[in-house]
There are 2 protein chains.
Amino acid sequence: MIPKNHPRYKSLLLREKIRNAYESGFLADTGMIAHGRGEAFDYLIGEKTTKYSKIAIDASAISLILAKNPVLSVNGNTIALVPNEIVELSKLLDAKIEINLFYRTEKRVDLIEEILKKSGANEVYGTNSDKLEYIDNIESPRATASLNATYSSDLILVPLEDGDRAEILKESGKKIITIDLNPLSRTAKKADITIVDNIVRVIPLLIERVKFYKSKDKEDMIKELERFNNKENLKKSLSCIKLS
Amino acid sequence: MIPKNHPRYKSLLLREKIRNAYESGFLADTGMIAHGRGEAFDYLIGEKTTKYSKIAIDASAISLILAKNPVLSVNGNTIALVPNEIVELSKLLDAKIEINLFYRTEKRVDLIEEILKKSGANEVYGTNSDKLEYIDNIESPRATASLNATYSSDLILVPLEDGDRAEILKESGKKIITIDLNPLSRTAKKADITIVDNIVRVIPLLIERVKFYKSKDKEDMIKELERFNNKENLKKSLSCIKLS
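Everything numeric in this text was worked out from a predicted model, so none of it was measured. (Residues numbered from 1 in each chain as written. Chains lettered and ligands numbered in written order. Predicted model: local features only at pLDDT ≥ 70, side-chain atom pairs only at ≥ 80, totals over all residues. Heavy atoms only, no water.)

### So, the packing of helix α1 (residues 9-24) of chain A against helix α2 (residues 29-44) of chain A
When two helices pack together, their arrangement is given by the angle between the helix axes and the distance between those axes.
Residue and element names in this part refer to chain A.
Okay, step 1: Orientation of α1 relative to α2, taken along the N-to-C sense of each, is 165 degrees, at an axis distance of 9 Å. When the axis of α1 is compared with that of α2, the two are roughly antiparallel. α1 and α2 meet at a crossing whose hand is right-handed. Along the contact surface, α1 presents S11, L14, R15, I18 and Y22, while α2 presents D29, M32, H35 and E39.
Okay, step 2: Across the contact of α1 with α2, the residue classes break down as four nonpolar, two polar and three charged. (Axes fitted to C-alpha atoms, helices over the stretch in contact; angles between N-to-C directions. Helix = DSSP H or I, 4+ residues; strand = E, 2+ residues; numbered from the N terminus. Parallel < 35°, antiparallel > 145°, perpendicular 65-115°, else oblique. Left-handed = near helix turned anticlockwise from the far one by under 90°. Contact = heavy atoms within 4.5 Å. Nonpolar A, V, L, I, M, F, W, Y, C, P; charged D, E, K, R; others polar.)

### What to know about the relation of the copies chain A and chain B
Okay, step 1: After a rotation of 180 degrees and a shift along the axis of 0.0 Å, chain A superposes on chain B with an RMSD of 0.0 Å. Both chain copies can therefore be described as sitting about a two-fold axis.
Okay, step 2: Taken as a fraction of all interface residues of chain A, those also at the interface in chain B reach 100%, which identifies the copy contact as same-surface. (Least-squares fit on C-alpha atoms with pLDDT ≥ 70 in both.)

### Details of helix α6 (residues 106-118) of chain A
All names here are of chain A.
Okay, step 1: For α6, with 13 residues, the first-to-last C-alpha span of 18 Å sits near the 18 Å given by 1.5 Å per residue.
Okay, step 2: Every buried residue of α6 is accounted for by R108, V109, I112, E113 and L116. Buried residues in α6, looked at end-on, bunch into an arc of 135 degrees, giving them a common side. Among the exposed residues of α6, those pointing more than 90 degrees away from its buried face are E106, K107 and K118.
Okay, step 3: On its buried face, α6 sits against β1 (70-74), α4 (76-81), α5 (83-93) and β2 (96-99).
Okay, step 4: In the segment just after α6, G120 is the residue with positive phi, at about 110 degrees. (Expected span 1.5 Å × (residues − 1). Buried < 20%, exposed > 50% of the residue type's maximum accessible area, 1.4 Å probe, protein only. Arc of directions from axis to C-beta.)

### What to know about the pairing of strand β6 (residues 175-179) of chain B
Residues and elements named next belong to chain B.
Okay, step 1: For β6, the tally of buried residues reaches four of five residues, placing the bulk of the element in the interior.
Okay, step 2: Bridge count for strand β5 (residues 155-157) against β6 is three bridges, and the pairing is parallel. Looking at β6, one finds that L157 is bridged to I177.
Okay, step 3: Regarding the hand of the β-α-β motif, the stretch spanning β5, helix α7 (residues 163-171) and β6 is right-handed. (Pairing = 2+ DSSP bridges. Right-handed = clockwise from strand over helix to strand, strands pointing away.)

### Section: helix α9 (residues 199-214) of chain A
Residues and elements named next belong to chain A.
Okay, step 1: Between its terminal C-alpha atoms α9 stretches 22 Å, which fits the 22 Å expected from 16 residues at 1.5 Å a residue.
Okay, step 2: Buried within α9 we find I199, V202, I203, L206, I207, V210 and Y213. On an axial view of α9, the arc spanned by its buried residues comes to 140 degrees, and they lie on one face.

### Brief notes about the nonpolar core
Okay, step 1: Ranked by internal contacts, the top residues of the largest apolar core, which has 100 residues, are L89, L116 and I203 of chain A together with L89, L116 and I203 of chain B.
Okay, step 2: Considering each element in turn, this core owes the most residues, eight residues, to helix α9 (residues 199-214) of chain B.
Okay, step 3: Every residue in contact with I203 of chain B, bar those within four places of it in the chain, is listed here: V82, E85, I86, L89, L157 and I179 of chain B.
Okay, step 4: Counting 16 residues, the second largest nonpolar core, distinct from the first, contains A40, F41 and L181 of chain A together with L181 of chain B. (Core = buried A, V, L, I, M, F, W, Y, C linked by side-chain atoms within 4.5 Å.)

The following block contains the structure:
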């Protein structure tokens, strides 16, 4: 039990979720180490959503609304932190959810599928019964994709993703949005839209912005998206790191 | 097995040691998350020993040689990464080794004692059979100290230490040296000497510098130590973080 008045309350609560996910068996041990890296970078941006994160979230909301076959790619860390929010977002966008794990085991995939179903997901891709293909015939575990989801998608949200997979997806011609607290990571640099922020703050805000843009004029949205420059926004996100 | 030509070989090797420590049962799950935070900060300083780390290491070597009853405080992360080096340093300095864990359990303490003994330590303090006292009668698990080691020590090396304990030690009038990759942490700010560097690089270098200074004139060492300004050096360590 973490006392609510603890100065690190929010951070400790997330840590608790990560520990529970590991104990439940669907998060790899390296997922805990990855969470620690995230904690460090979140600390450096002041543990809040910056102006540039908000700009990237708006560009993401528009892109996801305009996409033909958007996919939300989920891993252990994402499911440990925001399972319900992912399902809500997928329904709002009519987007597919695909499980893609760095350390894929049947057990982990089954557990995550179960959590997503309990959170209200009707269909989940990338499961043990799904048909997985290698993107561009790259026979790497990082290149697998569900034939009916990522493989045939034009836009994939890949939060907390490793650089190898981000690269494979980009090189196959897909657009990707990432949520990554490290603005210097390969994934952050490769993505079409990079949200430098904590996923627990991003997904609820993304849901809000998708709701906002859904009723807007398509041409206006396209124009707004054209004004977004990821390279520039990423640079500004980096400048939000405070070293004092 | 990690291929030696992997660009992240060294980092992955350390990660492997941390995983093994967790699986062996002497590292808490939060120790894995803490390692992740360290990875992020190490990445930001370029994963190398900076000029200011070397300056702090020299000041540490001198201070440890001059101390009356120096103690090396060890926790799960330290033992996961540099058990043999800690024992070598303790022998060189005739310094005591004390186990002090954030999440203390009898099992973890026993396992760490066993590793230290296997690494050649003659005596280990802070074990389950040792007499622990509360520093300044503060009845907190972070205030416990072996009567014959930390409790009666004038200088304690507390690598990878939490802010609460660093504060208790400082307020009880002890001098502390810390090794902390986060130059903004409470421990980094509280310590008399702060080495902003990875412990796996620090301890071998510290051993080398203790060997170097051991034969030097005491007055010269005192003079050199007087020139060291931790606040200033820490500020310069912070400036080594490269955001590009």
